[in-house]
Amino acid sequence: MRLVYLVPLALFLFFAGLAGYMLTQPKDQNVPSQMIEQPLPDFALEPALEGMPGASRSDFVGGEPRLLNIWASWCLPCIAEAPHLERLKEEGVEIVGVAVRDTPQAVEGFLSRHGNPYSRIGSDDISELMLEIGASGVPETYVIDAEGNIRYQHIGDIRESDVPMLLEKLEEVR
Amino acid sequence: MIAELGLAALWLSAALAVLQMVAGAMGYRSDKASLAIYARPAAVVQAFLATLAFFLLLYAFAITDLSIKLVATNSHSMKPFVYKLTGTWGNHEGSMLLWVAVLALSGGLLAGLERRLPERTMSATLGVQGFVALGFYAFLILSSNPFERLPVPAPEGSGLNPLLQDIGLAIHPPTLYIGYVGLSVAFSLAMGALITKQVTPDFAKVMRPWVLAAWVFLTFGIGAGSYWAYYELGWGGWWFWDPVENASLMPWLAATALLHSVSVLAARDALRTWTIMLGVVAFSMSMLGTFLVRSGVLTSVHAFAVDPERGTFILVLLGLYIGGALAVFALRASTISEGKRFSATSREGALVFNNVMLSAILAIVLLGTLYPLLTEAFDVRVSVGPPYFNPASAIFAIPMFAVMAVGPLLRWKDDNPRRIQFELALLGAVVIAIIAVVAIFGEYPVLPILGLAFAIALAIGAFLPLRGRNLKRVPTATWGMVLAHFGVAVSLFGMASESAFTSERLAAVAPGDIEEVAGWSVELESVSPVAGPNWTAFEARLNVSRGDGETVEMRPQNRNFWAPPQATSESALLTRWDGQLYIVIGDAAGVDEAGNQRWQLRVWWKPFVTFIWYGGLIIVLGGIISIVGRMQVDLKRRRFAAKAKQRRDEEAELGGGVVPEPAE
């Protein structure tokens with residue numbers, strides 16, 4: 001056996017070792033919004049549901065910090081996070097919802113099935129606010145302080161373990 | 001039922017792969033093993049079943065069966081029909097199913113059609129092919145089951161990434177996968193020949209059409225992908241050195257080297273170990289690409305839903321197949337004798353030189369692609385881009401183009417360079433003249449100028465092998481080579497011209513404003529909202545004209561898709577024989593003094609950019625002609641051999657005496 005024929009194998013083993021090590025390292029794939037620590041963009045959305053107020057930037061100014069929850073009745077993870085939003089509401093958090101690409105009937109159906117944790121729901125028919133705020137999907141939840149600044153972005157559905165974390169963030173920006 | 005049938009077909013295929021592997025191994029160990037006869041049928045039936053599984057998934061997507069998780073997460077009932085179909089492979093599981101279906105299909109074709117190899121080599125080859133297939137079936141079934149049901153059918157699907165809602169998705173991935181996985185046949189053949197020590201010119205002749213076919217598909221797939229990225233992303237570029245693009249380029253480089261070295265082996269019985277090595281490397285690069293794309297260890301625009309567990313699974317497969325093949329190579333390669341010798345100034349010499357150059361470029365690309373992985377292990381994030389790849393690969397590409405222009409003029413075994421001094425002088429003069437002319441005209445970067453000069457020299461050089469020959473008697477395969485080399489020249493010309501001469505203009509314009517770019521005048525007439533089946537958009541109407549030519553309307557769009565929500569820009573392209581006008585509309589950009597709404601407009605004039613893809617098509621055509629030529633010769637030889645055998649048989653019957661063995 002000539003040693004030179006071992007070179008390719010050695011190179012490959014080095015790569016495999018490196019790749020194996022890297023696979024065990026945690027990696028954050030989420031793209032954080034560029035809008036964090038920036039004021040909310042100016043917006044005014046029509047109500048997504050008859051009988052409830054719509055949402056605009058001015059609703060976030062004054063009082064306590066709030067959550068901005070971007071969701072949709074057609075989104076499956078939104079069903080999963082509904083009970084945890086309910087928990088947050090019970091803790092006294094004001095949650096402003098933005099329904100993306102939705103219809104009043106579908107919104108009504110969703111809320112009657114999974115509960116309504118929102119104080120107001122705006123209707124974002126063309127993902128206008130979503131794109132401006134830097135959301136990469138549905139659902140996403142933002143912590144907004146009382147001056148209307150975006151302080152924290154949670155990508156994906158809210159799990160049970162996220163509830164205390166979000167409460168802490170809300171307390172921090174108070 | 002569809003999902004269950006599909007899954008059953010996959011399990012059966014996996015079982016057949018086990019049979020194929022065992023039967024192949026038996027056949028290798030003993031000529032008389034009774035189990036060995038099952039290897040070929042196992043491969044053929046497996047090809048049928050795996051293809052069936054793929055078509056069942058295609059059907060589930062066609063009817064938007066929302067009880068299947070994959071359909072619910074990647075499709076939408078209101079998506080246009082063609083994108084429902086192409087959505088089948090626009091995700092991890094579906095594309096992996098396409099991958100194994102092609103793998104099984106190429107294994108089946110090999111088992112069904114190939115009769116020229118010694119039976120023991122063939123058994124070993126089929127055994128290896130079954131072993132490789134088995135791993136990928138296991139991966140698909142255990143960690144990426146495309147047929148998984150939802151406990152409750154979803155009310156609606158979540159849609160397909162809008163960038164993928166394009167006809168490019170119908171063409172680019174399937175052709176690329178056929179190329180990638182077609183190389184598995186070269187891998188198995190190389191392993192079979194290595195294990196049975198049958199690295200002969202006959203083996204090379206068997207391997208060559210498989211390599212050529214896979215290479216043709218790879219070339220086409222890469223070209224299609226490049227054009228797709230060019231018009232769909234709206235960034236105006238055609239190659240970004242993205243890890244996934246590199247993952248497709250590396251098997252192509254290895255396959256290009258392989259198809260040249262296999263020709264040397266077939267014609268001259270030289271480069272034995274080198275050819276085996278390339279056969280292993282080419283498919284290894286395909287598998288490596290799959291790993292890089294799907295494990296998420298590198299960040300890329302092509303991100304599939306990444307999952308470290310899947311990454312671990314593929315890494316284990318890589319260890320088994322690449323590691324195993326390289327270990328066998330290390331143990332066995334020294335038992336293969338080196339093959340015939342040749343001098344440096346010969347056809348083989350030129351081919352070896354370019355093989356080394358291609359391998360060097362492959363190493364450059366591999367290093368650049370993996371370097372971020374290495375630095376990230378030390379918590380440093382780097383991104384390796386064109387400033388590394390372009391010059392580093394050019395160092396090897398330029399000598400390669402030079403040798404490529406003259407190599408086909410050289411004779412096999414040994415040649416005197418003075419025999420072709422006229423051609424050498426002609427090509428040298430062309431290169432120098434073009435560099436001089438372009439340098440006088442203006443200040444351009446070095447690489448594109450060199451690219452232009454070598455492109456033109458290569459275009460001339462490609463046809464020189466035909467000089468002084470009776471064109472009717474030139475073998476078909478030679479025409480294929482001439483055409484493919486000419487295609488490389490055309491493509492290189494497009495790349496160089498685009499990099500050297502592109503004009504770009506970025507402006508905020510209000511309706512009525514006129515922008516001038518490279519002799520073109522672009523007037524924004526209006527911007528208005530339009531709606532499509534699953535998107536809304538702002539569409540600009542532009543009146544475009546050059547000189548006194550007629551005015552053409554162009555309509556770039558800024559689209560908003562809603563399932564899933566994403567903004568994309570649809571570029572507008574105007575193709576002329578000497579280039580393309582490429583326009584993208586961006587976001588609203590405030591108002592001008594008169595209070596009119598302004599829009600971001602980006603306009604490029606790219607001279608001869610289309611030559612990049614025309615060249616690619618010419619290369620593909622050359623490859624196809626080459627395959628046809630090789631097959632013609634092979635069929636002719638087979639008919640001839642059959643006739644000779646018939647005559648011998650007849651003579652034996654007539655004479656009844658001893659017929660002397662024909663001299664080889």
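Residues numbered from 1 in each chain as written. Chains lettered and ligands numbered in written order. Predicted model: local features only at pLDDT ≥ 70, side-chain atom pairs only at ≥ 80, totals over all residues. Heavy atoms only, no water.

Some points on the confidence of the model for chain B
Residues and elements named next belong to chain B.
- Here chain B shows a mean pLDDT of 88. Residues at 70 or above account for 96%.
- Per-residue pLDDT, averaged within each element of chain B, yields its smallest value for strand S7 (residues 565-570) (76) and its largest for helix H2 (residues 39-62) (95).
- This stretch, residues 659-664, has a pLDDT under 50; its non-local contacts, to residues over four places away or in other chains, come to two contacts.
- We note a pTM of 0.82 for the whole complex and an ipTM of 0.82 for its interfaces. (pLDDT = per-residue confidence, 0-100. Helix = DSSP H or I, 4+ residues; strand = E, 2+ residues; numbered from the N terminus. Contact = heavy atoms within 4.5 Å.)

Looking at the environment of Ala266(B)
Residue and element names in this part refer to chain B.
- For Ala-266, the location among the structural elements is in helix H9 (residues 243-268).
- Judged by its relative accessible area of 10%, Ala-266 is buried.
- For the pair Ala-266 and Ile-420, spaced 154 residues apart in sequence, the C-alpha separation works out to 25 Å. (Buried < 20%, exposed > 50% of the residue type's maximum accessible area, 1.4 Å probe, protein only.)

Points about the sheet that holds strand S10 (residues 597-607) of chain B
Residue and element names in this part refer to chain B.
- Taken in spatial order, the four strands line up as S1-S10-S9-S8 in an open sheet, and their pairing is antiparallel. The two strands at the open ends of the sheet, each matched to only one other strand, are strand S1 (503-509) and strand S8 (572-576). This sheet shows a mean twist of 20° between the axes of neighbouring strands, independent of strand direction. (Pairing = 2+ DSSP bridges. Axes fitted to C-alpha atoms, helices over the stretch in contact; angles between N-to-C directions.)

Focus: the pattern of salt bridges
Residue and element names in this part refer to chain B.
- Summed over the entire model, instances satisfying the criterion amount to 28 salt bridges over all chains.
- Close ionic contact of Arg-40 with Glu-119 constitutes a salt bridge, the shortest N to O distance being 3.6 Å. Placement of Arg-40 in helix H2 and of Glu-119 in helix H6 (residues 119-143) is noted, with a sequence separation of 79 residues between them.
- Of the charged contacts, one joins Lys-606 and Glu-498 as a salt bridge, the two residues approaching to 2.6 Å between their closest N and O atoms. You can see Lys-606 sitting in strand S10 and its partner Glu-498 sitting in helix H16 (residues 476-501), a full 108 residues away along the chain. Accessibility assignment for this pair places Lys-606 and Glu-498 in one class, buried. (Salt bridge = Lys/Arg side-chain N within 4 Å of Asp/Glu carboxyl O.)

Things to note about the nonpolar core
- If you look at the biggest cluster of nonpolar residues, it comprises 179 residues, and the most contacted ones within it are Trp99(B), Phe136(B), Phe291(B) and Leu318(B).
- In this structure, Phe136(B) is in contact with Met96(B), Trp99(B), Val100(B), Leu103(B), Met287(B), Leu317(B) and Tyr321(B), ignoring residues within four places of it in sequence.
- If you look at the next biggest cluster of nonpolar residues, it comprises 43 residues, including Trp71(A), Val100(A), Ala135(A) and Val173(A). (Core = buried A, V, L, I, M, F, W, Y, C linked by side-chain atoms within 4.5 Å.)

A word on the confidence of the model for chain A
- On average, residues of chain A score 86 in pLDDT, and 95% of them reach the 70 mark or higher.
- Element-level mean pLDDT values for chain A span from 83 in helix H4 (residues 128-133) of chain A up to 92 in strand S3 (residues 66-71) of chain A.

Looking at the side chain of Thr196(B)
Residues and elements named next belong to chain B.
- Within the fold, Thr-196 resides in the loop between helix H7 (168-195) and helix H8 (201-232).
- Residue classification places Thr-196 among the buried residues on the basis of a relative accessible area of 9%.
- Polar contacts involving the side chain of Thr-196 include one to the side chain of Thr-121, which spans 3.1 Å. (Polar contact = N/O pair within 3.5 Å; in protein donor to acceptor, adjacent residues only side chain to side chain.)

Brief notes about the pairing of strand S9 (residues 579-591) of chain B
All names here are of chain B.
- As defined by bridge partners, S8 adjoins S9 across five bridges and the pair is classed as antiparallel. Among the inter-strand pairings, Leu-574 is bridged to a residue of S9, identified as Leu-581.
- In this antiparallel pair of consecutive strands, S8 and S9, the connection spans two residues.
- Note: S9 against S10, nine bridges, orientation antiparallel. From the neighbouring strand, Val-591 faces S10, where its bridge partner is Gln-597.
- What sits between the antiparallel neighbours S9 and S10 is a turn of five residues, in which Gly-595 has the positive phi angle 90°.

Re empty space enclosed by the protein
Residue and element names in this part refer to chain A.
- Throughout the structure, instances matching the rule amount to three cavities of 30 Å³ or more.
- Each pocket or cavity is described by its volume, and for the largest cavity that value is around 50 Å³.
- Lining of the largest cavity is provided by Asn-69, Trp-71, Cys-78, Glu-81, Ala-82, Leu-85, Phe-110, Gly-115, Pro-117 and Tyr-118.
- The leading source of residues in the lining of the largest cavity is helix H2 (residues 76-90), at four residues.
- Along the lines of polarity and charge, the residues of the lining of the largest cavity split into seven nonpolar, two polar and one charged. (1 Å grid on protein atoms, 1.4 Å probe; cavity = no way out; pocket = protein on both sides within 12 Å on 5 of 7 lines; lining within 4 Å. Points joined across faces, edges and corners; volume = space filled by probe spheres on them. Nonpolar A, V, L, I, M, F, W, Y, C, P; charged D, E, K, R; others polar.)

Remarks on the environment of Glu172(A)
Residues and elements named next belong to chain A.
- Assignment of secondary structure puts Glu-172 in helix H5 (residues 162-172).
- Judged by relative accessible area, Glu-172 falls into the exposed class, the value being 55%.
- Sequence separation between Glu-172 and Pro-65 is 107 residues, and the spatial gap between their C-alpha atoms is 9.6 Å.

With respect to a positive patch on the surface
- Taken together, the side chains of Lys636(B), Arg639(B), Lys643(B) and Arg647(B) make up a positively charged region of the molecular surface.
- According to the relative accessible area criterion, Lys636(B) is exposed, its value standing at 56%. (Patch = residues over 30% accessible without salt bridge, like charges linked within 9 Å, V, L, I, M, F, W, Y side chains within 5 Å. Areas by Shrake-Rupley, 256 points an atom, 1.4 Å probe, with all protein chains shown as cover. Lys, Arg positive; Asp, Glu negative; His and termini not counted. Charge placed at Lys NZ, Arg CZ, Asp CG, Glu CD.)

Things to note about the side chain of Ser67(B)
All names here are of chain B.
- Mapped onto the elements, Ser-67 comes out in the loop between H2 and helix H3 (69-74).
- Since its relative accessible area comes to 14%, Ser-67 is described here as buried.
- Of the polar contacts made by the side chain of Ser-67, one reaches the side chain of Arg-149; its length is 2.6 Å.
- Beyond its immediate stretch of four places on either side in the chain, Ser-67 contacts Glu-148, Arg-149, Leu-150 and Pro-153.

Observations regarding the interface of chain B and chain A
- In this assembly, 39 residues from chain B lie in contact with 27 residues from chain A.
- Here chain B packs against chain A, burying approximately 2700 Å² in sum over the two surfaces, 76% of which is carbon and sulfur.
- Across the chain B-chain A interface, the total number found is zero salt bridges.
- For the interface between chain B and chain A, the tally reads zero residue pairs in polar contact (both at pLDDT 80 or more).
- Elements supplying a minimum of two residues to the side of chain B that touches chain A: helix H10 (272-295), helix H11 (308-332), helix H12 (347-376), strand S6 (557-562) and S7 of chain B.
- Considering each element in turn, the side of chain B that touches chain A owes the most residues, 13 residues, to H11(B).
- By residue class, the composition of the side of chain B that touches chain A is 26 nonpolar, 11 polar and two charged. (Buried area = accessible area lost by both parts, 1.4 Å probe.)

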